[in-house]
Amino acid sequence: MRQQPHGYRNDASVPDFPDDRPVIVFDGECIFCSGWVRFMLRHDRQGRYRYLTAQSPLGRALYRHYGLDDRNYESNILIENGIARFKSDGSIRTLAGLGLPWSLVNICRILPAALRDPLYDLVARNRYRIAGRRQTCMVPSAEERGRFIA
């Protein structure tokens, strides 16, 4: 799917949000997904990424904008330079943005998405069975709060 950079800015159903840094939209009720965000917060020492729960009005609007189910969040979204990345591509690019040693994951990009994404889909479909479901969304600490979009 070819995207117009920052195309969501022209969609009246998507509220304005700060997109000057990469944004990760994630399922805040999924313990596995929240663990991913905790990992990112720990290793993103430069504060490169912002985070947004899919359950928020903005998160749901972005899922709808990109033609994804806004009630079943089977793909995190990475929005970087106005372009949305999904599934394995989004995860690889996210990790690569942390620098070494995490950027070594870029080697996975030699495999076509048609081979990478089925594994991503398998984990995504079974994420609640693998890790469980939160009863409430992840609550960031006081020092992390500024990295989340409300």
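First things first, this report covers the structure right here in the doc. Computed from a predicted model, the values in this text were never measured in an experiment. (Residues numbered from 1 in each chain as written. Predicted model: local features only at pLDDT ≥ 70, side-chain atom pairs only at ≥ 80, totals over all residues. Heavy atoms only, no water.)

**Structural notes on the nonpolar core**
- Counting residues in each nonpolar core, the largest one holds 18 residues, and the members touching the most others are Phe17, Val25, Leu62 and Ile79.
- Within the residue set of this core, elements represented by two or more residues are strand 1 (23–26), helix 2 (57–65), strand 3 (77–80) and strand 4 (83–86).
- Of all the elements, helix 2 adds the most residues to this core, at four residues.
- Those residues within four positions of Leu62 in sequence are excluded, and the remaining contacts are Tyr8, Val14, Phe17, Val25, Leu52 and Ile79.
- Cys30, Val37, Tyr51 and Phe148 belong to the second largest nonpolar core, which has 17 residues in total. (Core = buried A, V, L, I, M, F, W, Y, C linked by side-chain atoms within 4.5 Å. Buried < 20%, exposed > 50% of the residue type's maximum accessible area, 1.4 Å probe, protein only. Helix = DSSP H or I, 4+ residues; strand = E, 2+ residues; numbered from the N terminus. Contact = heavy atoms within 4.5 Å.)

**Overview of the pattern of salt bridges**
- Inspection of every chain in the model, using the stated rule, returns eleven salt bridges.
- For Asp70, the salt bridge identified is with Arg60, shortest N-O distance 3.6 Å. In this pair, Asp70 sits in the loop between helix 2 and strand 3 while Arg60 sits in helix 2, placing the two residues ten residues apart along the sequence.
- Its salt-bridge partner being Lys87, residue Asp121 comes within 2.9 Å of it at the nearest N-O pair. Of this pair, Asp121 sits in helix 4 (residues 113–125) while Lys87 sits in helix 3 (residues 87–96); the two residues are 34 residues apart in sequence, bridging distant segments of the chain.
- If you follow the salt bridges from partner to partner, you end up with Arg60, Arg64, Asp70 and Arg71 in one network. (Salt bridge = Lys/Arg side-chain N within 4 Å of Asp/Glu carboxyl O.)

**Structural notes on the sheet that holds strand 2 (residues 50–53)**
- Taken in spatial order, the four strands of this open sheet run 2-1-3-4, and their pairing is mixed. At either margin of the open sheet sits one strand with a lone partner, and together these are strand 2 and strand 4. Each adjacent strand pair in this sheet contributes to an overall mean axis angle of 25 degrees, direction not counted.
- Sheet analysis places strand 1 next to strand 2, joined by four bridges and oriented parallel. Paired with Phe26 across the strands is Thr53, a residue of strand 2.
- Of the strands in this sheet, strand 1 and strand 2 touch helix 1 (residues 31–43), which is tilted by about 155 degrees from strand 1.
- Each of strand 1, strand 2 and strand 3 is contacted by helix 2, which is oriented at about 85 degrees to strand 2, the strand it contacts most. (Pairing = 2+ DSSP bridges. Axes fitted to C-alpha atoms, helices over the stretch in contact; angles between N-to-C directions.)

**A look at the packing of aromatic side chains**
- In this structure the tally under the stated criterion is five aromatic pairs.
- Considering the side-chain rings of Tyr8 and Phe17, the 5.0 Å spacing of their centres and the 35 degrees angle between planes classify their relative orientation as tilted. For the residue pair Tyr8 and Phe17, the accessibility class agrees, reading buried in each case.
- Summarising the aromatic geometry, the rings of Phe39 and Trp102 are spaced 5.0 Å apart at their centres and angled 85 degrees between planes, so their arrangement reads as edge-to-face. Of the two residues, Phe39 sits in helix 1 while Trp102 sits in the loop between helix 3 and helix 4, which places them 63 residues apart along the sequence.
- Among the aromatic residues, ring-to-ring pairing joins Trp36, Phe39 and Trp102 into one connected group. (Phe/Tyr/Trp six-rings, centres within 6.5 Å; stacked < 30°, edge-to-face > 60°.)

**Digging into the pairing of strand 4**
- Bridge count for strand 3 against strand 4 is four bridges, and the pairing is antiparallel. The residue bridging Ile79 from the neighbouring strand is Ala84, located in strand 4.
- Connecting strand 3 to the antiparallel partner strand 4 that follows it, the hairpin turn spans two residues, and Asn81 within it adopts a positive phi of roughly 55 degrees.

Without other data, these values stay purely geometric and don't point to any function.
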